[in-house]
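# Examination of the molecular architecture
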Amino acid sequence: MRLLLTGGSVFCGGGFQPLDIAVSKGRIVSVSPSLPRDGASVIELNHCFVVPGFVDVHVHLREPGFSYKETVASGTAAAAAGGYTAVCAMPNLDPVPDCLNHLRAELRAIERSALVHVYPYGAVTRGERGGDLAELAALAPYVSGFSDDGRGVQSREMMRQAMLSAKALDRPIVAHCEDESLLTKDWCIHSGAFARKHGFPGNDPASEWKQVERDIQLVRETGCRYHACHISTKESVALIRAAKAEGLPVTCETGPHYLVLCDEDLQDDGRFKMNPPIRSAADRDALVEGLLDGTVDCIATDHAPHSAEEKGRGLRGSLNGVVGLECAFPVLYTELVKTGKVPLEVILKALCINPRRIFGLPGGKMEAGQPADLTVLDLNHEGVVNPEDFRSLGRATPFAGRRVDAAVCMTFVGGNMVFPEGLNPSPSGTIGIVRGFDRRSGGES
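Residues numbered from 1 in each chain as written. Predicted model: local features only at pLDDT ≥ 70, side-chain atom pairs only at ≥ 80, totals over all residues. Heavy atoms only, no water.

### Regarding the layout of surface pockets
The line we're drawing: Each cavity reported here is a set of points on a 1 Å grid over the protein atoms alone in which a 1.4 Å probe fits but cannot get out, each pocket an open set with protein on both sides within 12 Å along at least five of seven lines, and each lining residue one with an atom within 4 Å of a point. Grid points are joined across faces, edges and corners, and a volume is the space filled by probe spheres set on the points. Only Asp, Glu, Lys and Arg are considered charged in this grouping, and only Ala, Val, Leu, Ile, Met, Phe, Trp, Tyr, Cys and Pro are considered nonpolar; every other residue, Gly among them, is considered polar.
When its volume is computed, the second largest pocket comes out at roughly 340 Å³. Its residues placed into classes, the lining of the second largest pocket shows three nonpolar, nine polar and four charged.

Printed below as a string of structure tokens:
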């Protein structure tokens, strides 16, 4: 049965146009200013906006091994609610996917429970311990890249070997950049004014950018594709900008919290603790500038759920990691787009287009034959970030209680509506979308 999305503005050719979208058998079959309704299930969008489904290239789904924090089912339900149709899952699992046998446990969980596309990463080293290389050749057909996320690869020679192997396998190295020799013992936040004022041990920005610098030199030597995770410092931005100008195959991501917050916003609460930490206003502004000029390719949430007990020990005692899938777009739109700091098209490029280009993922174009992985947005919807409404098992976000002016209305994966749940139209039915709320056949649901 054909599905017709009508009455909305479609992100196409770098801008928005009033277009209808027809979907059948999981793919877009037509995009046109006016398409026939006969025999179609119709969704009236009422001036909402349709974009290619968001992609988050950095999430932690925690299964197998840590299902009390998150599962594939809960994590992908959170992704769908946030407008994400695809996520790349980090290998901080038990067992660590450092060989094909270990990866199979994760693949089974994905096949069993995922609501959106999940592309796993394989580990760079065995157990992510930095000693011996993982079985990269065996993993390569099943993974989107190799990462030891959560720890930087400390040995320069080990990283060089990993890059040579990854290049031969045509897979990127996706690096958590952290030189442990430059870390203060028991650090908990950025080594800035807030840390000095309140007596917290700080994390020196050099612990990140020094390893970015090392790895860029290794890219020069090896030619490996290299993606830097969650960059947070102005020095990292400058190094990556220069590497790109040199023509090196270097890309990067940053997170919504690094683009919106600085250490002046910190509170002694576990929902403000992550690695790398939220840094200075100068770092934040450099990241925004990098997003604007194309140095920063992707916005990734680093969605990292923990239990309430693990996040309830303040800045000193809580584990690193916050959740972000369900509030990322509303926060980005409200804090960056509505304030005039970043055009919406730049945000969408970092959420929809660049992640697919960098990691070779399908979709991202509004044209016939493309996968019907779509997100519908209301850009005139007032709300408040309320973690108690999250589908994720994690609740710790630095954006809790923040007012937002946009919402995700619907998410489609392969033409199937995965958010909101249970709202797929009947063959002759019509669903209306009004200011982020759902209305079927004239009656509010």
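### Some thoughts on the sheet that holds strand S7 (residues 84-89)
Worth spelling out the cut-off: The rule for pairing is simple: two strands pair if DSSP sees at least two bridges between them. Secondary structure elements follow DSSP: runs of H or I of four or more residues count as helices, runs of E of two or more count as strands, with numbering from the N terminus. Angles run from 0 to 180 degrees between N-to-C directions of axes, and those axes are lines fitted to C-alpha atoms, restricted for helices to the stretch in contact. In this description, contact between two residues means that some pair of their heavy atoms is separated by no more than 4.5 Å.
The sheet built from three strands is open, its strands ordered S6-S7-S8 with parallel pairing. The sheet is open, and its two edges are formed by strand S6 (54-59) and strand S8 (117-120), each paired on a single side. The average undirected angle you get between the axes of adjacent strands in this sheet is 20°. Taken together, the four bridges between S6 and S7 define a ladder with parallel strand orientation. From the neighbouring strand, Val59 faces S7, where its bridge partner is Ala89. Along the sheet face, helix H2 (residues 100-113) touches S7 and S8 and points at about 175° away from the line of S8. Where helix H12 (residues 344-359) meets the sheet, it contacts S6 and S7, and its direction lies at approximately 70° from that of S6.

### Description of the sheet that holds strand S14 (residues 298-299)
Taken in spatial order, the four strands line up as S9-S12-S13-S14 in an open sheet, and their pairing is parallel. Each of the sheet's edge strands pairs with one partner strand only, and the pair in question is strand S9 (173-175) and S14. Both S9 and strand S12 (residues 226-228) contribute to a ladder of three bridges, which runs parallel. Across the sheet, the residue bridging to Ile173 is Tyr226, located in S12.

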